[in-house]
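# A look at the structure
Listed below are the residues making up each chain.
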Amino acid sequence: MFNSRFNKPMRIILSSQIARSLIVSLVAYSSLSAAVIVTAPGSASAYSNSNNALPFMQTTADYQQIYSSSLFSSLPAGGGFIDSIAFRPAGLDSLGNKSPDIDVNYSSLEISLSTTSVAVGSLDPLNPSLDLGSNNTIVFDQTNFSMLATSTGDPTNFDFSFSIAPFFYNPANGNLLIDVQSGIAAYYGGYLDYDSTQAGQIVTSRYYDVPAWSANAADNGGLVTQFVVNPGTPPTQRVPDSTGGIVDLSLLGLVLLHFLYQRRQAAGLRAQVVAS
């Protein structure tokens, strides 16, 4: 039978443990080691081989780009928090022209990230929702704003950038998928660096649905993207249980603590009975 005299101490211990877990999570995120900058695909020090306006300069019902987990090999084991994604104005085209400054007004823009089991080059143009990972998260959602990226530097700087809600990504769990839905109010020029022919293994591919073109398609290639990743561990660790559900290990810790506390109190009571 439950002993009421244990109730108050137990609440205190559990509350203390919860507070401590929250503090550990906050410290884990705020005291991370130096951020890792990942440029994928291609290189930060050289242009890729093409340019493109999708999805940020053309209204798209949906745009997806998948990045091979192999591109994130520079991350520490366990992954980290992506808190910024950026793109750069394209370099010289076949006519020797450099992209003008990018200037675009948005009526809406939504960006999501997820970890997906879909292979690079296998995005589904008929059912793109099936490409999304179970942890799909909206990391940027804004309406009625403008973006400007100057075409400076050689190669150009990654100035077309978005600060996003931190998204935890572990390459060991699958490829990274970005999903974009954009509404363009006005577009004044510029285009982004794009990798269209990748030597050897294909490391990125895309799907797009453009209403103005009355077409949707998937192909190999994608925008050269720069991710800022802060190494760290997720605030909570979760594992599948025997029924296919999810068990939060931090909750299991509290249950175990409760069990150990009860065992200790029961042992103390038995000792008192023997002594008497």
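Predicted model only: the values in this text are computed from it and were never measured.

With that settled, consider the nonpolar core. Most often, soluble globular proteins have nonpolar side chains that are buried together. In terms of nonpolar packing, the biggest core is built from 42 residues, with Phe-56, Ile-111, Phe-160, Phe-162 and Phe-227 touching the most fellow members. It is strand E5 (residues 102-116) that provides the largest number of residues to this core, a total of six residues. Non-local contacts of Ile-111, meaning those with residues more than four positions away in its chain, are made with Phe-56, Ile-85, Thr-137, Ile-138, Val-139, Phe-140, Phe-162, Ile-178, Asp-179 and Val-180. Ranked by size, the runner-up nonpolar core spans six residues in total, among them Ile-66, Val-118, Val-120 and Leu-123.

This part covers the confidence of the model for the chain. Across the chain, pLDDT averages 78, with 69% of residues at or above 70. In this model residues 1-15 is a low-confidence stretch, pLDDT under 50, and it forms 12 contacts with partners more than four residues away in sequence or in other chains. Low pLDDT (under 50) marks residues 238-251, which in the prediction has 17 contacts with non-local residues, meaning those over four places away or in another chain.

If you trace the three strands from one edge of the open sheet to the other, you get E2-E9-E12, paired in antiparallel fashion. Every interior strand has two partners, whereas the edge strands, strand E2 (50-52) and strand E12 (222-223), have only one.

Here the focus is the sheet that holds strand E4 (residues 80-87). The strand order E1-E13-E4-E7 describes an open sheet built from four strands, whose pairing is antiparallel. Every other strand in the sheet has two partners, leaving strand E1 (36-40) and strand E7 (160-169) as the edge strands with one partner each. Across the sheet, the axes of successive neighbouring strands diverge by a mean angle of 25 degrees, strand direction being ignored.

Turning our attention to the packing of aromatic side chains. For the structure on display, the rule yields 12 aromatic pairs. Between Tyr-67 and Phe-227, the ring centres sit 5.1 Å apart and the planes meet at 90 degrees, which makes this aromatic pair edge-to-face. On the criterion of sequence distance, the pair formed by Tyr-67 in strand E3 (residues 60-67) and Phe-227 in strand E13 (residues 225-231) is long-range, its members being 160 residues apart. With respect to class, Tyr-67 is no different from Phe-227; both count as buried.

Within this structure, the stated rule accounts for two salt bridges. Of the charged contacts in the structure, one is a salt bridge between Asp-219 and Arg-206, with a shortest N-O distance of 2.9 Å. Placement of Asp-219 in strand E11 (residues 215-220) and of Arg-206 in strand E10 (residues 204-210) is noted, with a sequence separation of 13 residues between them. Judged by relative accessible area, Asp-219 falls into the partly exposed class, the value being 25%. Classification of Arg-206 as buried rests on a relative accessible area of 6%.

Analysis parameters
- Residues numbered from 1 in each chain as written.
- Predicted model: local features only at pLDDT ≥ 70, side-chain atom pairs only at ≥ 80, totals over all residues.
- Heavy atoms only, no water.
- Core = buried A, V, L, I, M, F, W, Y, C linked by side-chain atoms within 4.5 Å.
- Buried < 20%, exposed > 50% of the residue type's maximum accessible area, 1.4 Å probe, protein only.
- Helix = DSSP H or I, 4+ residues; strand = E, 2+ residues; numbered from the N terminus.
- Contact = heavy atoms within 4.5 Å.
- pLDDT = per-residue confidence, 0-100.
- Pairing = 2+ DSSP bridges.
- Axes fitted to C-alpha atoms, helices over the stretch in contact; angles between N-to-C directions.
- Phe/Tyr/Trp six-rings, centres within 6.5 Å; stacked < 30°, edge-to-face > 60°.
- Salt bridge = Lys/Arg side-chain N within 4 Å of Asp/Glu carboxyl O.

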